[in-house]
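Chain and residue survey
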Amino acid sequence: MKPIYLDNNATTRTAPEVVEAMTPYFSDHYGNPSSMHSFGGDVGRHIRDARAKLADLLGARPEEIVYNSCGTESDNTAIRAALAANPDRRHVVTSRVEHPAVKSLCEHLVKEGYRVTFVPVDRKGRLDLDHLYDHLTDDTAVVSLMWANNETGVIFPVEEIARETKDRGIVFHTDAVQTVGKIPIDLSNSAIDMLSLSGHKLHGPKGVGALYIRKGTKFSPFLIGGHQESGRRGGTENTAAIVGLGRAAEFVAAHMEEENTRVKSLRDRLESELIRRVPDAVVNGDTDNRLPNTSNIAFEYIEGEAILLMMDGHGICASSGSACTSGSLEPSHVLRSMGVPYTAAHGSIRFSLSIYNTEEEIDFVIDKLPPIIERLRQMSPFWKGACQAQTTA
Amino acid sequence: MWEYTDKVREHFINPRNVGRMDDADAVGEVGSMACGDALKLYLKLDDNEKIVDAKFQTFGCASAIASSSALTEMIIGKTLQEAEQITNEHIADYLGGLPKEKMHCSVLGRDALEKAISCYRGEPEKKVDGQVVCECFGVTDRQIERAVRENHLTSIEDVTDYVKAGGGCGNCHDAIQDIINQVLGNAPKVKKPSNKLTNIQKIRMIEDALEREVRPELRKDGGDIELVDVDGDKVLVKMRGRCASCAASQVTLEHYVESKLRELVPPELFVEEVPS
């Protein structure tokens, strides 16, 4: 059974073009780019090409890109660097709905004695900007906010916020792991100081990420070692993956329009048809400011893991914000921060599409999912109450 | 992704005995939507208190649905007294095991069954059995204590896996650790009973259970109990103090002493009174 892959915010298919570009760097061009011989040195040239391609995608300069191992490393590096650059400032601002790469780090910083403000969001997952601006002080070293949320796809106005923080001399970092490759980004025209991205979220390979550091931003490395990445990140370059990420940057740039037209309309169709066919199903998040590929739907009165497992029986891959899927006992911190009631949070499913999805696949899901929801609701002790409420309303 | 056994998957995909029962003789409802799982168990009994039918409705993950389905299959055809002996471990074993983090699904089944049985017997709804320790999931010290004792849990993580306590904000972790220490400290490991126990071991365990669990309760009413002999699975005791003259002592013996000993020592035990 060929999977119907609607979990692209978890990871994406490495594009065949990317795999093809990478392969020679394992078998033939295995030299170390730092070497003095041309066998290694040539690889260094290809890394420069890849860097230029990635910089192009972001509207950045090549020297503003630092390669590393993943999105989490980028986030940790950025926030730590901002704190190290401003040792007299002990305050960090972030949001309540960040990815664990930022959230857990910030919780850790509290233990280290930093003050952290976790800015709340509203019912639709929109950032409380007044709360954010009210809490910026002379002590604030860094504001770190995700550009788009991995669970709901809700987009934060990070460019506007970056301009505001710049005026106050505060470093602005954004976790753009879910954003790069899905919507156009132009850093040449923005006040963002640092931006994190990850290769495998944009049809590149796993094990490679990058941090954009605006020229002139004070920086100190996270991994201290060799002179690689101009001394900003030690460790022999992951050459194949870096070349792959460069190719992936080209690939998503070429498909950017398709992502925002065809993929978006597939997402919209999936969402509206499911909402139409399934009673007590609601979309989580601000549908006016959202990634084109993401839909988060709460199917009330049932539990997400059971839905996922039944979908799995049809080869449909998605994610859930339910407690049971994570091994923790609490449902998604994103949905809880939004005030999504427990009746809905436990039964929320995230669909995240990519350019590889087809109309047939979406039709298949629209056909298969409603009976699954119905079946699980028939088992649920809470369901009958909802029916009654509906008929008496 | 969870590693579920084929049997868990099978019971999840084709659950037995799903649905409501309008003429149920007993209903046990546990859990809540906030907790992430809930189970409503319906029992139909014949005149001999035999469970002739059982139905369930479950809100929860695959293992919660499978545990509920397994439970109904296990109890149909059993008398209430037999069904009462079912522990959460029996449910998990019936399914070929559950992932450790999902053991609370089997506890959910056991709790619903217990609640249904007390409902049938008309026992007053216990308000809160003990003090709430975990505010996030409303778990009491008694529940934690019991889970630790019955399943030989040794860490906070274990307790969270079995009864959810400590799985939310984490403020109760110290309190949970205290309970674990207390149980482990007080209870010189009551090893999982097996038929290979020597008589001496059995006698020691029975003495220990009487001392820790039974006597304190009897003494509240001015009574006491003495172990006279152990013959195979037969436990011979003498009732002392007020128990010796109490008309209800036979009931106490059967319903309390015997069930306690079966819980803590081998389940085959039966208790007989030696007349004074």
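Numbering of residues starts from 1 in every chain and runs along the sequence as written. A letter from A marks each chain and a number from 1 marks each ligand, given out in the order of writing. Selection of residues for local features in this predicted model requires a pLDDT of at least 70, selection of side-chain atom pairs for listing and counting requires 80 or more, and totals for whole chains, interfaces and linings are taken over all residues. Heavy atoms throughout the structure, all of them, feed into the side-chain values; hydrogens and water do not.

**Here's the deal with the overall build of chain B**
In this description a helix means any DSSP run of H or I spanning at least four residues, a strand means any run of E spanning at least two, and both kinds are numbered starting from the N terminus. Broken down by element type, chain B carries 11 helices and 8 strands. Both definitions apply: the radius of gyration is a C-alpha atom measure, and the globule rule equals 2.2 Å times residues to the power 0.38. For 276 residues, the compact-globule formula gives about 19 Å, and the C-alpha radius of gyration of chain B, at 20 Å, lands near that figure. Projecting the C-alpha coordinates of chain B onto the three principal axes gives extents of approximately 60 × 50 × 40 Å. A 1.4 Å probe rolled over the protein chains alone gives each residue an accessible area, and that area as a share of the maximum for its type sets the label: buried under 20%, exposed over 50%, partly exposed in between. Counting over 276 residues, chain B shows a buried share of 46%. Pairs at least 24 residues apart make up 56% of the contacts formed inside chain B by residues separated by at least 6 positions. When the accessible area of chain B is evaluated, it comes to approximately 13,600 Å², of which 46% is carbon and sulfur surface. Charge assignment: positive for Lys and Arg, negative for Asp and Glu; neither His nor the chain ends contribute. Each charge is placed at NZ for Lys, CZ for Arg, CG for Asp and CD for Glu. Charge-centre separation for chain B: the mean point of 36 positive side chains lies 1 Å from the mean point of 49 negative side chains. In what follows, residue pairs with any heavy atoms lying within 4.5 Å of each other are defined as contacts. Areas reported here follow the Shrake-Rupley algorithm with a probe of radius 1.4 Å; residue values treat only the protein chains shown as occluding.

**Comments concerning the overall build of chain A**
On a plain count of helices and strands, chain A comes out with 14 helices and 13 strands. Against the compact-globule benchmark of 21 Å for 393 residues, chain A has a radius of gyration of 22 Å, which places it among compact chains. Taken over the C-alpha atoms alone, chain A extends approximately 75 × 50 × 35 Å along its principal axes. Counting over 393 residues, chain A shows a buried share of 58%. Restricting the contact set of chain A to residue pairs at least 6 apart, pairs at least 24 apart contribute 73%. On chain A, roughly 15,500 Å² of surface is accessible, and the fraction owed to carbon and sulfur atoms is 51%. Looking at charge distribution, chain A has the averaged site of its 42 positive side-chain charges lying 2 Å from that of its 52 negative ones.

**So, the nonpolar core**
Residues belong to a common nonpolar core when they are buried Ala, Val, Leu, Ile, Met, Phe, Trp, Tyr or Cys residues joined through side-chain atoms within 4.5 Å. One finds A:Phe299 and A:Phe351 to be the most contacted residues of the largest nonpolar core, which totals 149 residues. It is helix α8 (residues 239-277) of chain A that contributes the most residues to this core, 14 residues altogether. Setting aside anything within four residues of it in sequence, one finds A:Phe299 in contact with A:Leu274, A:Val278, A:Asp280, A:Ala281, A:Ile307, A:Thr343, A:Gly347, A:Ile349, A:Leu369, A:Ile373 and A:Arg377. Core analysis: the second largest hydrophobic core is formed by 21 residues, B:Ile206, B:Val214, B:Ile225 and B:Val257 among them.

**Overview of the pairing of strand β10 (residues 294-299) of chain A**
Residues and elements named next belong to chain A. Within β10, 6 of the 6 residues are buried, which leaves the element mostly enclosed by the surrounding structure. Neither face of β10 is open: one carries Thr 294, Asn 296 and Ala 298, the other Ser 295, Ile 297 and Phe 299, and all of them are buried. Two strands qualify as a pair provided DSSP detects at least 2 bridges between them. In terms of strand pairing, β10 meets strand β13 (residues 348-352) through 5 bridges, oriented antiparallel. The residue of β13 that forms the bridge with Ile 297 is Ile 349.

**Observations regarding helix α5 (residues 103-120) of chain B**
One turn of the α-helix equals 3.6 residues, which is why residues spaced by three or four share an orientation. Residues and elements named next belong to chain B. Multiplying 1.5 Å by the residue count of a helix minus one yields the expected span of that helix. Between the first and last C-alpha of α5 there are 26 Å, a value that for 18 residues agrees with the 26 Å anticipated at 1.5 Å per step. Of all the 18 residues making up α5, 13 are buried; the element is thus mostly covered by neighbouring parts of the structure. Directly after α5, the chain includes Gly 122, whose backbone phi takes a positive value near 70 degrees.

**Observations regarding the side chain of A:Glu237**
All names here are of chain A. Relative to the elements of secondary structure, Glu 237 occurs in the loop between β8 (209-213) and α8. For the buried residue Glu 237, which engages in no salt bridge, the nearest side chain bearing the opposite charge is Arg 51, 6.0 Å off. When residues no more than four places from it in sequence are discounted, the contact partners of Glu 237 are Asn 32, Pro 33, Ser 34, Ile 47, Gln 228, Glu 229 and Ile 242. By convention in these notes, a salt bridge is any Lys or Arg side-chain nitrogen within 4 Å of a carboxyl oxygen on Asp or Glu.

**Points about the interface of chain B and chain A**
A common measure of how large an interface is: the accessible area buried when the components associate. Listed by partner, the interface residues are 33 residues for chain B and 25 residues for chain A. In short, buried area is how much 1.4 Å probe accessible area vanishes from two parts on joining, totalled over both. Summing the contributions of chain B and of chain A, the shared interface buries around 2,300 Å²; its carbon and sulfur component is 71%. On the chain B side of the contact with chain A, B:Phe12, B:Met33 and B:Phe59 bury the most area, a combined 27% of that side's loss. Across the chain B-chain A interface, the total number found is 1 salt bridge. When the shortest N-O distance is used, the salt bridge between A:Glu305 and B:Lys102 registers 2.9 Å. At the level of secondary structure, the elements contributing two or more residues to the side of chain B that touches chain A comprise α1 (6-13), β2 (37-45), β3 (51-59) and α2 (62-75) of chain B. Note that Gly is not counted as nonpolar here; it falls among the polar residues with everything else outside the nonpolar set of Ala, Val, Leu, Ile, Met, Phe, Trp, Tyr, Cys and Pro and the charged set of Asp, Glu, Lys and Arg. Per-class residue counts for the side of chain B that touches chain A are 17 nonpolar, 11 polar and 5 charged.

**What about the confidence of the model for chain A?**
The score called pLDDT rates the predictor's confidence residue by residue, from a low of 0 to a high of 100. Looking at chain A as a whole, the pLDDT averages 94, with 96% of positions reaching at least 70. Confidence drops under pLDDT 50 across residues 386-393 of chain A; counting only partners more than four residues distant or on other chains, this segment forms 3 contacts.

**Here we look at the environment of B:Leu98**
Residue and element names in this part refer to chain B. Mapped onto the fold, Leu 98 is located in the loop between α4 (88-94) and α5. Distance in space between the C-alpha atoms of Leu 98 and Tyr 4 is 6.7 Å, their sequence separation being 94 residues. Ignoring any residue separated from it by four or fewer positions in sequence, one finds Leu 98 in contact with Val 8, Ser 63, Ser 67, Ala 92, Met 103 and Ser 106.

**Considerations on the sheet that holds strand β12 (residues 319-320) of chain A**
In a beta sheet, neighbouring strands pair by backbone hydrogen bonds and run either parallel or antiparallel. Residues and elements named next belong to chain A. If you walk across this open sheet you meet the 4 strands as β9-β10-β13-β12, and the pairing is antiparallel. The open sheet has two free edges, formed respectively by β9 (281-283) and β12, since each of these has just one partner strand. Angles shown run from 0 to 180 degrees and are taken between the N-to-C directions of axes, each axis being a line fitted to C-alpha atoms and, for helices, limited to the stretch in contact. Packing of helix α9 (residues 304-312) onto the sheet brings it into contact with β10, β12 and β13, and relative to β13 it is tilted by some 45 degrees.

**So, the packing of helix α4 (residues 71-85) of chain A against helix α5 (residues 100-111) of chain A**
Residue and element names in this part refer to chain A. The contact between α4 and α5 brings their axes to 9 Å, and the two run at 35 degrees. Every pair of crossing elements has a handedness; the one defined by α4 and α5 is right-handed. In this structure, α4 contributes Thr 72, Asp 75, Asn 76, Ile 79, Arg 80 and Leu 83 to the contact, and α5 contributes Ala 101, Val 102, Leu 105, His 108 and Leu 109. A per-class count over the contact of α4 with α5 returns 6 nonpolar, 3 polar and 2 charged. It is the rotation of the near helix from the far one that decides the hand of a crossing: anticlockwise by less than a right angle makes it left-handed, clockwise makes it right-handed.

**Remarks on the environment of A:Val340**
By the element assignment, A:Val340 lies in the loop between α11 (333-337) and α12 (342-345). Along the sequence, A:Val340 and A:Ala240 sit 100 residues apart, while their C-alpha atoms lie 43 Å from each other.

**A few points about the packing of aromatic side chains**
Aromatic pairing here means that ring centres of Phe, Tyr or Trp (its six-membered ring) are within 6.5 Å. Orientation follows from the plane angle: under 30 degrees is stacked, over 60 is edge-to-face, and everything else is tilted. Enumeration over the complete set of coordinates arrives at 4 aromatic pairs over all chains. Taking the centre distance of 5.8 Å and the plane angle of 55 degrees together, the rings of A:Tyr301 and A:Trp383 count as tilted. Linking A:Tyr301 in the loop between β10 and α9 with A:Trp383 in helix α14 (residues 383-392), this pair joins segments that are 82 residues apart in sequence. Its relative accessible area of 16% is what places A:Tyr301 among the buried residues. Measuring from centroid to centroid gives 5.4 Å for A:Phe382 and B:Phe59, while their planes differ by 70 degrees, and the two rings are edge-to-face. With A:Phe382 in the loop between α13 (359-379) and α14 and B:Phe59 in strand β3, this residue pair bridges two chains. Between A:Arg13 and the ring centre of A:Tyr356, over which it is positioned, the NZ or CZ distance is 4.6 Å. Across the ring face of B:Tyr94, the terminal group of B:Lys7 is positioned such that the distance to the ring centre comes to 4.1 Å. We call a charge positioned above a ring when the Lys NZ or Arg CZ atom is no farther than 6 Å from the ring centre and deviates by at most 35 degrees from the ring normal.

**Here's the deal with unusual backbone geometry**
Residues and elements named next belong to chain A. The backbone phi angle of His 203 is positive, close to 65 degrees, even though this residue is not glycine. Summarising the element assignment, His 203 is placed in the loop between β7 (194-198) and β8. For His 203, a relative accessible area of 6% translates into the label buried.

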